[in-house]
Amino acid sequence: MSCDFIALATPGVKGLTPYQPGKPVEELERELGISNIIKLASNENPLGPSALVLAAIEKAALELTRYPDGGGFNLKQALSSELSVSRDQVTLGNGSNDVLDLIARAYLSAGDEAIFSQYAFAVYPISTQAVGATAVVTPAKDYGHDLDAMAEAITDKTRVIFIANPNNPTGNWLSGAEIAHFLGRVPETVIVVLDEAYFEYAFDPSNSDRGSSDDQYYPDGLAYLSKYPNLIVTRTFSKAYGLASLRVGYGISSPEIADILNRVRQPFNVNSLALVAAETALTDKEYLQQGRALNKKGVAQLQAGFDALGLSYVPSAGNFVLAHFETDALPIFNELLKKGVIVRPVGNYGMPNSLRVSVGTEKENQRFLDSLAEIL
Ligand SMILES: Cc1ncc(COP(=O)(O)O)c(C=O)c1O
């Protein structure tokens, strides 16, 4: 080849390592020629899609020759009533990942800094570096965000701070009091992204004294929007709503920020099936409830299983648990693959001795725990 197309790429992009997704079931089938595989590697919803959503998609599929509604009017309207925000505060994305990317493209460029925590979600460094900005990574505290360290890392070059609550892949979470205290320390010129991809699992609406300055519960990030206009809350339909494949997520912010994000958004970034599916998913409260209950039990099952095996783990507010081993976890991951169980190694996060396991059905969780026990 005469031309070095790697060298031609922008400095940020050249230095990137692609995001490593969970291993697909079909890939393991091809590699090992085995069937009856379970995938607990991508924090997906074990319930399968909602029946209401499937029916809505079937109907919407008849219009596949048409472009989707680029403004996503109906979904924005549905989110607006569901979340008590105005339509112009909503930015729709091809997954919440897309919204994170839009934020980086709109607010970060070469010479700017984005702050996020060690062990935080792997997309933050990718989105930051891709636009040529500098990632400032603060050391984690007990696997979680050290908000004091993050506040102290703010300089006059800081434009964006990414916080995952709960965090993936660790599962730990920050309380309302911690978030409120942190937001109070951030200059208004710095955008704070509160990534709540697992909100529906972590949030318990029955806790009544939330919202106060000493709220010890997992908070609803939207509660801080009126006081902190530099805040963007991102959420997704990929997890608790069970629509990972369709790619639909959203950001809620001030209308001014949403206006800016809208300027860099691809005209039809959310497809018509995803729009209809998400709108319908919001109406299926039973599905959401069922998924939350299943997840609560599943997290408890996995954590009890790890306890029984003498393994430590990070107590999780998400739909996954990060477990620690005494040695390199990759051989354990590979042995699990041979038994048809796909989990997620997290060496790329700098945690070579840990594995992240997504909550499956009760049977799947048990099969994983039994396989792990045999291996250990
Ligand atoms: C913390 C966090 N944020 C965002 C995402 C992106 O999800 P999606 O693009 O499917 O909405 C994920 C997915 O795993 C995640 O774990």
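Whatever comes next refers back to the structure up there.
Owing to the predicted nature of the structure, the values given are computational and were not obtained by experimental measurement.

Colleague: Residues and numbers for the overall build of the chain, please.
Modeller: When its secondary structure is counted, the chain shows 15 helices and 13 strands. Over its C-alpha trace the chain gives a radius of gyration of 21 Å, about what one expects of a compact globule, namely 21 Å for 376 residues. Projected onto its principal axes, the C-alpha positions of the chain cover 65 × 55 × 50 Å. Considering the chain as a whole, with its 376 residues, one finds that 52% of them fall into the buried category. Across the chain, every contact between residues at least 6 apart in sequence was considered, and the portion connecting residues at least 24 apart equals 73%. Distance from the positive charge centre (30 side chains) to the negative charge centre (43 side chains) of the chain: 4 Å.

Colleague: Can you break down the packing of helix H13 (residues 285-308) against helix H15 (residues 362-375) residue by residue, with the values?
Modeller: Put simply, H13 and H15 touch, their axes get as near as 10 Å, and they point 15° apart. Between H13 and H15, the angle falls in the class roughly parallel. Two packed elements cross with a definite hand, and for H13 against H15 that hand is right-handed. Touching Gly298, Gln301, Leu302, Gly305 and Phe306 of H13 are Glu362, Asn365, Gln366, Phe368, Leu369 and Leu372, all from H15. Considered class by class, the residues forming the contact of H13 with H15 number five nonpolar, five polar and one charged.

Colleague: Describe the packing of helix H4 (residues 51-60) against helix H12 (residues 272-283), and please don't skip the residues or the numbers.
Modeller: Where H4 meets H12, the axes come as close as 9 Å, and the angle between the chain directions of the two elements is 150°. Considering their axes alone, H4 and H12 lie roughly antiparallel with respect to each other. Seen from above, H4 lies across H12 with right-handed handedness. Taking contact as the criterion, the partners of Leu52, Val53, Ala56, Ile57 and Ala60 in H4 are, on H12, Leu273, Val276, Ala277, Thr280, Ala281 and Thr283. By residue class, the composition of the contact of H4 with H12 is nine nonpolar, two polar and no charged.

Colleague: Got a sec to walk through the nonpolar core? Specific residues and values, please.
Modeller: Leu75, Leu79, Ile161, Ile163, Phe182, Leu231 and Phe237 are the most contacted members of the largest nonpolar core, which totals 54 residues. Apart from the residues within four sequence positions on either side, leucine 79 is in contact with Ser84, Val85, Val90, Leu92, Phe237, Tyr250 and Leu282. Listed in part, the 28 residues of the second largest apolar core include Val99, Leu108, Leu261 and Val346.

Colleague: Lay out the site of the ligand with the relevant residues and their values.
Modeller: Gly95, Ser96, Asn97, Phe121, Asn168, Asp195, Ala197, Tyr198, Thr236, Ser238, Lys239 and Arg247 make up every residue found near the ligand. Here tyrosine 198 contributes a side-chain N or O atom positioned 2.6 Å from an oxygen atom of the ligand. In isolation the ligand offers 400 Å² of accessible surface; the protein chains occlude 93% of this area. In terms of residue class, the shell around the ligand is made up of three nonpolar, six polar and three charged.

Colleague: Account for the pattern of salt bridges, with residues named and values stated.
Modeller: Counted according to the given criterion, the structure contains 13 salt bridges. Between aspartate 220 and arginine 235 there is a salt bridge whose closest N-O contact spans 2.8 Å. Of the two residues, aspartate 220 sits in the loop between helix H10 (199-202) and strand S7 (231-236) while arginine 235 sits in strand S7, which places them 15 residues apart along the sequence. What makes arginine 235 buried here is its relative accessible area of 2%. Salt-bridge contacts for glutamate 374 lead to lysine 339; the nearest nitrogen and oxygen are separated by 2.6 Å. Taken together, the residues span a long stretch of sequence, with glutamate 374 in helix H15 and lysine 339 in the loop between helix H14 (330-338) and strand S11 (341-342) at a distance of 35 residues. On the accessibility criterion, glutamate 374 (57% relative accessible area) is exposed. The partly exposed category is assigned to lysine 339, whose relative accessible area is 31%. Look at the salt bridges and you will find they share partners, linking Lys23, Glu27 and Glu31 into a network.

Colleague: Please give an account of the environment of glycine 340 that cites residues and values.
Modeller: Among the structural elements, glycine 340 can be located in the loop between H14 and S11. Judged by its relative accessible area of 1%, glycine 340 falls in the buried class. As a C-alpha pair, glycine 340 and asparagine 36 span 304 residues in sequence and 6.7 Å in three-dimensional space. In this view, glycine 340 contacts Leu28, Ile34, Asn36, Ile37, Ile38 and Arg367; residues no more than four positions away in its chain are not counted.

Colleague: So what about the pairing of strand S10 (residues 320-324)? Which residues, and what values?
Modeller: In summary, the side chains of a regular strand alternate between the two faces of the sheet. Most of S10 is tucked away, with five of its five residues classed as buried. Two successive antiparallel strands, strand S9 (residues 312-314) and S10, enclose a turn made up of five residues. By the bridge criterion, five bridges tie S10 to strand S13 (residues 354-358) in an arrangement that is antiparallel. Its bridge partner lying in S13, alanine 323 is registered against leucine 355.

Colleague: Describe the pairing of strand S4 (residues 134-138), naming the residues involved and giving the relevant values.
Modeller: Note that strand S3 (residues 113-117) and S4 share five bridges and pair parallel. Note that in S4 the partner of serine 117 across the bridge is threonine 138. What joins S3 to S4 is helix H7 (residues 123-130), and the crossover it makes is right-handed.

Cut-offs and rules
- Residues numbered from 1 in each chain as written.
- Predicted model: local features only at pLDDT ≥ 70, side-chain atom pairs only at ≥ 80, totals over all residues.
- Heavy atoms only, no water.
- Helix = DSSP H or I, 4+ residues; strand = E, 2+ residues; numbered from the N terminus.
- Rg over C-alpha atoms; globule rule 2.2 N^0.38 Å.
- Buried < 20%, exposed > 50% of the residue type's maximum accessible area, 1.4 Å probe, protein only.
- Contact = heavy atoms within 4.5 Å.
- Lys, Arg positive; Asp, Glu negative; His and termini not counted.
- Charge placed at Lys NZ, Arg CZ, Asp CG, Glu CD.
- Axes fitted to C-alpha atoms, helices over the stretch in contact; angles between N-to-C directions.
- Parallel < 35°, antiparallel > 145°, perpendicular 65-115°, else oblique.
- Left-handed = near helix turned anticlockwise from the far one by under 90°.
- Nonpolar A, V, L, I, M, F, W, Y, C, P; charged D, E, K, R; others polar.
- Core = buried A, V, L, I, M, F, W, Y, C linked by side-chain atoms within 4.5 Å.
- Near = heavy atom within 4 Å.
- Polar contact = N/O pair within 3.5 Å; in protein donor to acceptor, adjacent residues only side chain to side chain.
- Areas by Shrake-Rupley, 256 points an atom, 1.4 Å probe, with all protein chains shown as cover.
- Salt bridge = Lys/Arg side-chain N within 4 Å of Asp/Glu carboxyl O.
- Pairing = 2+ DSSP bridges.
- Right-handed = clockwise from strand over helix to strand, strands pointing away.

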